[in-house]
Amino acid sequence: MKDLAASKKFFTELGFAFNDAFADENMEAVVITDDILVMLLVEPYFITFTHKQVTDTSTASEAILALAVESRERVDELADRALAAGGVAVGEPRDLGFLYLRSFTDLDGHQWEVSHIDMTAAMEAS
């Protein structure tokens, strides 16, 4: 993360909570579910975990972080909150009938994809 406080504010505006047990001047832990945390690390601390260079997200992608949510409405809610908080839309929303998704980048250029799969429609499509 370039700016840990700004990133924490971004994810707070998306409606996520944080686990303070994993927080200090170098990191914050975004609570996605009771079992899933996303760690936000400042770059100087992050590089202590890898021997590779940190990706320049303005010119390259390193990963797409995907979240499956319970409804199309939740997809729109998270994506709209991300855009209002300073995120950038990646492409247009995609609606395949059984699958609905939207993508955005966070403040550091990391790409997130939020999707909902309608399993009834997916079974009918197969």
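Residue numbers restart at each chain and count upward from 1, following the sequence in its written direction. Local features in a predicted model are, by the rule used here, given only for residues with pLDDT of at least 70; side-chain atom pairs are given and counted only at 80 or more, and totals for whole chains, interfaces and linings are based on all residues. Derived side-chain values reflect all non-hydrogen atoms in the structure, with water molecules and hydrogen atoms excluded from consideration.

Asks: Please set out the overall build of the protein chain residue by residue, giving values where relevant.
Replies: A helix here means a DSSP run of H or I that spans at least four residues, while a strand means a run of E at least two residues long, and both kinds are numbered starting from the N terminus. Across its full length, the protein chain carries four helices and eight strands. For the protein chain, the N- to C-terminal ordering of α and β elements is α-β-β-β-α-β-α-β-β-β-β-α. Overall size of the protein chain, expressed as C-alpha extent along the three principal axes, is 50 × 30 × 25 Å. Between two residues, a contact is recorded if the distance between any of their heavy atoms is within 4.5 Å. Considering only contacts within the protein chain whose residues lie at least 6 apart along the sequence, 41% involve residues at least 24 apart. Values of accessible area rely on a 1.4 Å probe in the Shrake-Rupley scheme; residue burial ignores everything except the protein chains shown. Total accessible area on the protein chain is roughly 7,800 Å²; 55% of this is exposed by carbon and sulfur atoms.

Asks: Can you lay out the packing of aromatic side chains for me, pointing to particular residues and giving the numbers?
Replies: Stacked, tilted and edge-to-face are the three classes assigned to paired rings of Phe, Tyr and Trp, where Trp is represented by its six-membered ring and a pair needs centres within 6.5 Å; plane angles under 30 degrees give stacked, over 60 edge-to-face, the rest tilted. Under the defined criterion, the tally for this structure stands at four aromatic pairs. Both rings, one in Phe10 and one in Phe11, keep their centres 5.1 Å apart while their planes meet at 85 degrees; by these two values the pair is edge-to-face. Relative accessibility thresholds used throughout: buried, under 20% of the residue-type maximum; exposed, over 50%; partly exposed, between the two (1.4 Å probe, protein chains only). Looking at Phe11, the relative accessible area reads 2%, which means it is buried. Three or more aromatic residues joined by ring pairs make a cluster, and in this case those are Phe10, Phe11, Phe104 and Trp112. When the ring centre of Phe18 is taken as origin, the NZ or CZ atom of Lys8, which lies over that ring, is 5.2 Å away. A ring is considered to have a charge above it if a Lys NZ or an Arg CZ atom is located within 6 Å of its centre and within 35 degrees of its normal. Seen from the ring of Tyr100, Arg72 lies directly overhead, with NZ or CZ sitting 4.2 Å from the centre.

Asks: Kindly report on the nonpolar core, identifying the contributing residues and their values.
Replies: Across soluble globular proteins, nonpolar side chains show a tendency to be buried alongside one another. In this description, a nonpolar core means a group of buried Ala, Val, Leu, Ile, Met, Phe, Trp, Tyr and Cys residues linked to one another through side-chain atoms lying within 4.5 Å. The biggest cluster of nonpolar side chains holds 23 residues, and the ones touching the most others in it are Phe10, Phe11, Leu14, Phe16, Val30, Leu40 and Phe104. Discounting chain neighbours no more than four positions away, the residues touching Phe16 are Phe11, Val30, Val31, Ile32, Leu67 and Leu78.

Asks: Break down the layout of surface pockets for me, citing the residues and quoting the values.
Replies: Think of a 1 Å grid over just the protein atoms. A cavity is a set of points where a 1.4 Å probe fits yet cannot get out, a pocket is an open set with protein on both sides within 12 Å along at least five of seven lines, and lining residues have an atom within 4 Å of a point. Grid points are joined across faces, edges and corners, and a volume is the space filled by probe spheres set on the points. The space that makes up the largest pocket amounts to roughly 530 Å³. Forming the walls of the largest pocket are 24 residues, and the residues nearest its centre are Met1, Phe46, Val54, Glu62 and His110. Counting only elements with at least two residues in the lining of the largest pocket, the list comes to strand S3 (36-41), helix H2 (43-46) and strand S8 (111-117). Sorting elements by how many residues they give to the lining of the largest pocket places S3 first, with four residues. Classification used: nonpolar for Ala, Val, Leu, Ile, Met, Phe, Trp, Tyr, Cys and Pro, charged for Asp, Glu, Lys and Arg, polar for all others including Gly. Looking at the lining of the largest pocket, its residues break down into eleven nonpolar, seven polar and six charged.

Asks: Residue-level account of the environment of Ala85, with values.
Replies: With respect to the helices and strands, the residue Ala85 is situated in the loop between helix H3 (72-84) and strand S5 (88-89). The sequence separation of Ala85 and His110 amounts to 25 residues, and the corresponding C-alpha distance is 14 Å. Setting aside chain neighbours within four positions, we find Ala85 in contact with Phe10, Glu13, Leu14 and Leu107.

Asks: Which residues make up the sheet that holds strand S2 (residues 27-33), and what values go with them?
Replies: Read from one edge of the open sheet, three strands run S1-S2-S3, paired in antiparallel fashion. Each having just a single partner strand, strand S1 (17-18) and S3 make up the two edges of the open sheet. At least two bridges found by DSSP between two strands are what make those strands a pair.

Asks: Any chance you could break down H3 for me, citing the residues and the numbers?
Replies: Given a helix with a known number of residues, its expected span is that number minus one, times 1.5 Å. Between its first and last C-alpha, H3 extends 18 Å over 13 residues, near the 18 Å set by a 1.5 Å rise per residue. Looking only at H3, the buried set comprises Arg74, Val75, Leu78, Ala79 and Ala82. All buried residues of H3 lie within an arc of 125 degrees about the axis, which places them on one face of the element. In H3, the exposed positions that point more than 90 degrees away from the buried face belong to Glu73 and Ala84. Against the buried residues of H3 lie helix H1 (4-13), strand S7 (99-105) and S8. Of all possible arcs, the one meant is that of the directions from the helix axis to the C-beta atoms.

In short, the description is geometric, and any link to function would need to be established separately.
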